[in-house]
Number of protein chains: 2
Amino acid sequence: MSRRGDDSISRPDTSSGSTSRERSGRDGILANPTATRVARIAGLARRQARSKHRRFLVEGPQGVREAVRWAPERVLDLYMTEAAASRHPEIWAEAKAAGLYRHLTTAEVMAAMSADAQGVLAVAAMGESNGADTLTGALEGTRLVAVLTGAQDPGNAGTIIRAADAAGADAVILLRGSVEATSPKVVRSTAGSLFHLPVITGVGLEEAVKALRAAGLTILVADSRGETDLFEAEASVACGGLLSAPSAWLLGNEAHGFAPEVLNRADAVISIPILGRAESLNVATAAALCLYASARAQRA
Amino acid sequence: MSRRGDDSISRPDTSSGSTSRERSGRDGILANPTATRVARIAGLARRQARSKHRRFLVEGPQGVREAVRWAPERVLDLYMTEAAASRHPEIWAEAKAAGLYRHLTTAEVMAAMSADAQGVLAVAAMGESNGADTLTGALEGTRLVAVLTGAQDPGNAGTIIRAADAAGADAVILLRGSVEATSPKVVRSTAGSLFHLPVITGVGLEEAVKALRAAGLTILVADSRGETDLFEAEASVACGGLLSAPSAWLLGNEAHGFAPEVLNRADAVISIPILGRAESLNVATAAALCLYASARAQRA
C-alpha cells in the first residue's frame, strides 16, 4: 500500500473489489487488463462516466507532463508503462516530487485503458462546477480572453485552447453548447494547455458578455461580415488602439456565422481577409490569427 | 443511358456486371446499396484502391461544389441524394452545365458509399503523377508557396491547404513522406481548397528547394529555434523586406523540428513567439500564422 509521496508505486483500489494479484501483478506492476480498475478508467472516455465520477483522462506524455507540472492538485493517478517511464523519466520524477499516486502498468493494461496514451496516462479531477461567480473572478485583470461560442469539433476546440495559451491569453471560456472541455480529443488537442490557463465552462452568452464588460474588456467578434478587416485593424492607429486594448474575442463555430444579436453587441466585428478562393477559414485557424493579432498589438 | 451534358442522370456501369435494375433502381435513382458500383466507390476510402484506379472521393457539399466549380475536368461522377439535391440545387445545376455525369441515389446507397458525404459525393480523377517537371512549371511567377515537409495528420494537412488558399498562396507542395493529398480526411479538411490551387506531390526536399530557388523564391523555415521571431520580422523594415519578398514557407510536422541540414539551407529561420506556457503550436496553426504574415507584408 502506498501513500502520496512515498516510493511505492501502487495503492489498493478498495472500490474495485479486485484481488491483491489483480491489483499489483508481478513486481507491483498492474498486469491484469481485465481488472475492474482498468475498465473503470477506460470508461472515462464516455461523457456519462466523466460526469458521474467528476474525473477525466489525460492521454500522452505531453498532456500528462503539463498536468503534473502545472496542475498537480488535479492529478489523481498517474499510469505509465515501464518503457514510457524510461523514455520520460522526468514525468515520473516530477509526479513523485509532487506526491502523486504513480502506477506502472504492462503495455497490455495501458492499451486496455486508452488507445491514445503512448504509455502515459493520468486521471484528473474535473474542476468545480463553473458559472457566473467563477467567471467574474477569473476575468479580473485579464487582457486577452478567447470565448468559444459553439465549437462542435473537439480537435478545433482543443487547438484553440492551445493557440490561446501560446498567444498569451489569460483565460478561455467555452460557452454552453460548445463541446465538452474534458472529452479525450479536446484534452489531447490542447497538448497540455488545458492545465496552463483557466478554461471556464458552463456559462451562457448573456452572462459571459456581462462579465467581460464588467472586467473592462473590449468585445471583438471574428466574422466574415465584419466591417473592418484584420489587416486594416492592425495597420491603422485607431484600430490598432482597438486591438491593443484588453479584449475578448468571440469565436464562432464551424458551420454558422454569428446571430445578428451577437454581432450587435460587439465593440467591433472584424473579418479575416480571404485573398484566395477559399470561402472561409477553419475556426481554429481563424482564432489563432485573431488572438495573435491582439497579442502583437498589445506587445507593440 | 446518359451522356455527358444531357439531362438523364445515370449511365450504365459496364464494368460492374450489375443488372439494369441494380444500376438505376426506381425512377433512375441508384437504389441498391449492394451493387458493385457502390462497393467500388466505398473502396476508394482505401489508399490501395485510389492508387490502382487513380481516382478519389470528394465528400460533402462544400468540397464537391468547389470541385465542380473550379476543376470540373477532374470530376468523373457526381452522386447526390434527392434531399441533398433539393438542399443544394446549385451543385446539380453547375454539374449539369459543365456536362458532368450526375446520379441520384437513395440515402441508403449514399450511406453505403460514404459516411461523411452529407448526401453529396463526387469521384474525382487524381492528377498526373507529379514530380520535378510539374514543379518547375507550377512555381513560375509564384509569390507565396507553402511546403509541407512531413505532415502526418490528415486534418492538419488539409487545414494547411485551406489556410494557404485563404492567404492567397499560389501553390502547395506536399513533399514525399507527407500524408497523401487525396485521402478522404485530407480532402474533407481542405473544404474545397484542394481544387483552388495547385497541390504538388511526389517530390523530395532536394528537388523542391532547387526548384523554389530557381523560381526566385526566398526560403523561410518556421522553427522554434529561429533567430528571428515572426513579430520582429513583421515589424522591422529589414525583415519586413524579407517577408514581402516572394517566398516559400517550409512547414514541419507535428512531432519533430527540422533537421539541421534543412535549417542551414533556409534564407531565414523564423520562430513564432510563444507568450504563454504552451510548448509549441499545432502545425496548422503555425502555418496559418506564417502564411498570413507573408500575405500581410506582401500586401502592405
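Reading the values: the criteria
Residues numbered from 1 in each chain as written. Chains lettered and ligands numbered in written order. Predicted model: local features only at pLDDT ≥ 70, side-chain atom pairs only at ≥ 80, totals over all residues. Heavy atoms only, no water. Buried < 20%, exposed > 50% of the residue type's maximum accessible area, 1.4 Å probe, protein only. Helix = DSSP H or I, 4+ residues; strand = E, 2+ residues; numbered from the N terminus. Arc of directions from axis to C-beta. Contact = heavy atoms within 4.5 Å. Buried area = accessible area lost by both parts, 1.4 Å probe. Salt bridge = Lys/Arg side-chain N within 4 Å of Asp/Glu carboxyl O. Polar contact = N/O pair within 3.5 Å; in protein donor to acceptor, adjacent residues only side chain to side chain. Nonpolar A, V, L, I, M, F, W, Y, C, P; charged D, E, K, R; others polar.

*Asks:* Explain helix H11 (residues 205–214) of chain B here, please?
*Replies:* For an α-helix, 3.6 residues make a turn, and residues three or four places apart therefore share a direction. All names here are of chain B. For H11, the complete set of buried residues consists of Ala208, Val209, Ala211 and Leu212. The arc that holds every buried residue of H11, seen down its axis, measures 165°, which confines them to one face. Exposed side chains of H11 directed beyond 90 degrees from the buried face belong to Glu206, Lys210 and Ala214. Contacts from the buried residues of H11 go to helix H8 (132–139), strand E5 (144–148), strand E6 (171–175), strand E8 (218–222), strand E10 (247–251) and helix H14 (260–265). Gly216 occupies a position one or two residues after H11 and carries a positive phi of about 80°.

*Asks:* Explain helix H6 (residues 89–97) of chain A to me, please; I cannot follow it from the model alone.
*Replies:* All names here are of chain A. If you check which residues of H6 are buried, you get Ile91, Trp92 and Ala95. Mapping the buried residues of H6 onto a view down its axis gives an arc of 95°, with all of them on the same face. In the core, the buried residues of H6 are packed alongside helix H4 (61–70), strand E2 (75–81), strand E3 (102–105) and strand E4 (120–125). Of the residues trailing H6, Gly99 is marked for its positive phi of about 75°.

*Asks:* Looking at this model, I keep getting lost on the interface of chain B and chain A. Mind explaining?
*Replies:* Interfaces are often described in size by the accessible area the parts lose on coming together. Each partner contributes to the interface: chain B provides 35 residues, whereas chain A provides 35 residues. The junction of chain B with chain A conceals about 3200 Å² of combined surface from both sides, 57% of it contributed by carbon and sulfur atoms. Considering only the side of chain B, the residues that lose the most area to chain A are Phe231, Arg277 and Tyr292 of chain B, jointly responsible for 21% of the buried surface there. Connecting chain B to chain A are five salt bridges. Arg296 of chain A is the partner of Glu234 of chain B in a salt bridge, and the nearest nitrogen-oxygen pair spans 2.8 Å. Taken together, the links from chain B to chain A amount to 22 residue pairs in polar contact (both at pLDDT 80 or more). For the side of chain B that touches chain A, the secondary-structure elements that each account for two or more residues are helix H4 (61–70), helix H9 (154–166), helix H12 (230–235) and helix H15 (283–299) of chain B. No other element matches the seven residues that H15 of chain B contributes to the side of chain B that touches chain A. A per-class count over the side of chain B that touches chain A returns 15 nonpolar, nine polar and eleven charged.

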